[in-house]
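Tertiary structure, described
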Amino acid sequence: MALSRELLDILACPKCKGNLHLNDKQDGLVCSACRLEYPVRDDIPIMLIEEAKSIA
């Protein structure tokens, strides 16, 4: 089961409160403003800044 559109619409970046979007592989949520990607594990978004990885 993938993340629902309703969930994606309400999630925000924990660092800047900006919008998030799924990456191409749908295994991470990307914040374009912070240039961070939050992992999605077993269809659960891990919204911890410490777990995010920087994207180039």
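This report concerns the structure included in the present document. None of these values were measured; they are calculated from a predicted model. (Residues numbered from 1 in each chain as written. Predicted model: local features only at pLDDT ≥ 70, side-chain atom pairs only at ≥ 80, totals over all residues. Heavy atoms only, no water.)

A separate point is the overall build of the chain. When helices and strands are counted, the chain shows one helix and five strands. Secondary structure elements of the chain occur, N-terminal to C-terminal, as α-β-β-β-β-β. A compact globule built from 56 residues should have a C-alpha radius of gyration of about 10 Å, and the chain, at 10 Å, falls within 12% of that. Referenced to the eigenvectors of the C-alpha coordinate spread, the extents of the chain come out at roughly 25 × 20 × 20 Å. (Helix = DSSP H or I, 4+ residues; strand = E, 2+ residues; numbered from the N terminus. Rg over C-alpha atoms; globule rule 2.2 N^0.38 Å.)

This paragraph deals with the pattern of salt bridges. One pass over the full model with this rule turns up three salt bridges. The shortest N-O distance in the salt bridge between Glu37 and Lys53 comes to 3.5 Å. Taken as a pair, Glu37 in strand β3 (residues 36-41) and Lys53 in strand β5 (residues 53-54) lie far apart in primary sequence, 16 residues in all. The exposure class of Glu37 is buried, given its relative accessible area of 12%. Across the salt bridge formed by Arg41 and Glu51, the nearest N and O atoms sit 3.0 Å from each other. Taken together, the residues span a long stretch of sequence, with Arg41 in strand β3 and Glu51 in the loop between β4 (44-45) and β5 at a distance of 10 residues. What makes Arg41 partly exposed here is its relative accessible area of 45%. (Salt bridge = Lys/Arg side-chain N within 4 Å of Asp/Glu carboxyl O. Buried < 20%, exposed > 50% of the residue type's maximum accessible area, 1.4 Å probe, protein only.)

This paragraph deals with unusual backbone geometry. A positive phi angle, near 70 degrees, is found at Lys17, a position not held by glycine. Assessed through its relative accessible area of 60%, Lys17 is described here as exposed. Phi is positive for Asp43, close to 65 degrees, though the residue is something other than glycine. Topologically, Asp43 is positioned in the loop between β3 and β4.

Moving on, we get to the nonpolar core. Among the nonpolar cores identified, the biggest contains 11 residues, and these are Leu3, Leu8, Leu11, Cys13, Leu20, Leu29, Cys31, Leu36, Tyr38, Val40 and Ala52. The set of elements that each furnish at least two residues to this core consists of β2 (28-31) and β3. When residues of this core are assigned to their parent elements, the largest contribution, three residues, is made by β3. For Ala52, the contacting residues outside a window of four places in its chain are Leu36, Glu37 and Tyr38. (Core = buried A, V, L, I, M, F, W, Y, C linked by side-chain atoms within 4.5 Å. Contact = heavy atoms within 4.5 Å.)

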